[in-house]
Amino acid sequence: MGITSRAISIGAESYSYSFGEDCLADIAEGIAGLQADTLVFVTDDTVLGLYRPIIERLSGSTPAIVLSHRAGESMKTLACLTDHLERALRAGATRRSVVVAFGGGVPGNLAGLMANLLFRGVRLVHVPTTTIAAMDSVLSLKQAINSPVGKNHLGTYYAPTAVYAEVGLFATLPLDELRSGYCEMAKNCLAIRPAALDRLRAIIAADELAAPAALTWLLDASIEAKSAVTRNDTHERHSGLVLEYGHTVGHAIEICDHRVRGSAGIAHGTAIAVGMLVAAHISHARGWLGDDEVSAHYEIITGLGVEPCLPRTVSVADVLAVAQDDNKKGYLEARPESLPFVLLRGLGRPAMTGDLPLVHVSIQEIREALEVIVQPSPAASMARRRLTAAAIPAAHGSARRTRHQGV
């Protein structure tokens, strides 16, 4: 298949994104061309256990420092950031070093923040090993870790020098992780580019989530969708905020579940998918989305094998408590008992307040939509029964694929 390169422009920043199948030699050549004195690989223990030979291949003859940590959100902490920075400096990192994020979105965020902080900024390269990282987090300048209060509260904006993706690595992902990336693509389709829904439906129907051609389309379509809303929005504080569709409740679900189950908790994309259902029900209650548009949410999300309900470990009260510390607070003027929220007035048509794709949503509206997810309404149950019968078995069939846990 070879390697394909795309120019990514986010506001004033630009970088290259190269991807393909069987292209590890091309990636190694690209990294070598940076002429770093040291490569600082940031990964997690699971990825390192699976792909240490690939890291060695990518480093080539350049000295390498490999920093790893137990997989999961525990990486995105000040303690881990401080430890990694100190280890990199003690091992000889300099201003000519390159930080290489190798893994999923969590190592990628940590590596991005490290690169920005080391000597006030060293070069950063992303080599994502998960779909969620390859088609979401690396297509953003946002680099962040979690605070004790909530998700992604501490961070900055920093552009990579380059992104490289070998789609063959994604085919080894477990179903949950593969599904997670496609859920983010579902967000792009529903909130930004509904014209791409037919191709996503076809991939789901054919059970081709792990097919190289489908994965290559996933990257191309994600680049197109995200570029459409971030090209003139470097910090994703204006049009780019539509990328937060499903995230206010989705992040809260993810945090609540991970507090109970740790790294075995719900995958990021899956949590966002459930969050999109909550947003769709709020829009439906306001008369902004019709039955068919809500059904389209259920069709795609259940077709990807996502259970359209809260995890058993998570309560409505828990979600509401965490959601009130969402990182979009402050974009709109504060109102008691309400949160800034991305809602749709139609597929691909975000509701606006001024030039921001955000509106105030009351805690009561969120609670009522969550109750529908916990105990689906007759209409939602009917849609789920009708659509799941055909979609879920195909998605479950993918579970036979090789496992690549926790990245």
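Scroll up to find the structure this text is about.
Residues numbered from 1 in each chain as written. Predicted model: local features only at pLDDT ≥ 70, side-chain atom pairs only at ≥ 80, totals over all residues. Heavy atoms only, no water.

With that settled, consider the overall build of the protein. When you go through the protein residue by residue, the secondary structure sums to 15 helices and 13 strands. Here the C-alpha atoms of the protein give a radius of gyration of 20 Å, agreeing with the 22 Å that 2.2 N^0.38 yields for 407 residues. Seen through its C-alpha atoms, the protein measures out along the principal axes to roughly 60 × 45 × 40 Å. Of all 407 residues assigned to the protein, the portion counted as buried reaches 58%. Contacts in the protein between residues at least 24 apart in sequence constitute 76% of all its contacts with a sequence separation of at least 6. Accessible surface for the protein amounts to roughly 15,800 Å². Of this, 51% is attributable to carbon and sulfur atoms. (Helix = DSSP H or I, 4+ residues; strand = E, 2+ residues; numbered from the N terminus. Rg over C-alpha atoms; globule rule 2.2 N^0.38 Å. Buried < 20%, exposed > 50% of the residue type's maximum accessible area, 1.4 Å probe, protein only. Contact = heavy atoms within 4.5 Å. Areas by Shrake-Rupley, 256 points an atom, 1.4 Å probe, with all protein chains shown as cover.)

Turning our eyes to something else, we now look at the pairing of strand β2 (residues 13–21). As judged from the nine bridges shared by strand β1 (residues 2–10) and β2, these two strands associate in the antiparallel manner. Bridge pairing in β2 links S9 to S14. Here β1 folds back onto β2 in antiparallel fashion, the turn holding two residues, of which G11 has a positive phi close to 60°. Sheet analysis places β2 next to strand β9 (residues 162–166), joined by five bridges and oriented parallel. Along β9, the bridge assignment pairs F19 with A165. (Pairing = 2+ DSSP bridges.)

With that out of the way, let us pick up the sheet that holds strand β5 (residues 98–103). Pairing in this open sheet of seven strands is mixed, and the strands run β1-β2-β9-β6-β5-β3-β4 from one edge to the other. Since the sheet does not close on itself, it has two edges, and those belong to β1 and β4 (64–67), each with one partner. Strand-to-strand twist of the sheet, defined as the mean angle between neighbouring strand axes without regard to direction, takes the value 20°. Note that β5 and strand β6 (residues 123–128) share six bridges and pair parallel. In the strand pairing of β6, F102 is matched with V127. Here helix α3 (residues 78–90) sits on the sheet and contacts β3 (39–42) and β4; the angle it forms with β4, its principal contact strand, is near 160°. Of the strands in this sheet, β3, β4, β5 and β6 are in contact with helix α4 (residues 105–117), which crosses β5 at around 170°. (Axes fitted to C-alpha atoms, helices over the stretch in contact; angles between N-to-C directions.)

The next subject is the packing of helix α8 (residues 197–205) against helix α9 (residues 212–230). Direction vectors running N to C along α8 and α9 enclose 155°, while the axes themselves pass 11 Å from each other. Here α9 runs roughly antiparallel to α8, going by the angle between their axes. For the pair α8 and α9, the crossing hand works out as left-handed. Of the residues in α9, those in contact with R199, L200 and I203 of α8 are A213, A214 and W217. Of the residues belonging to the contact of α8 with α9, the class tally is five nonpolar, no polar and one charged. (Parallel < 35°, antiparallel > 145°, perpendicular 65-115°, else oblique. Left-handed = near helix turned anticlockwise from the far one by under 90°. Nonpolar A, V, L, I, M, F, W, Y, C, P; charged D, E, K, R; others polar.)

Below, the discussion takes up helix α11 (residues 268–285). In an α-helix, one turn spans 3.6 residues, which is why side chains three or four residues apart end up on the same side. Helix length check: α11 (18 residues) gives 26 Å between terminal C-alpha atoms against 26 Å at 1.5 Å per residue, within 8%. Taken across its 18 residues, α11 has 16 buried, putting it largely inside the fold. G287, located one to two residues past α11, shows a positive phi value of around 80°. (Expected span 1.5 Å × (residues − 1).)

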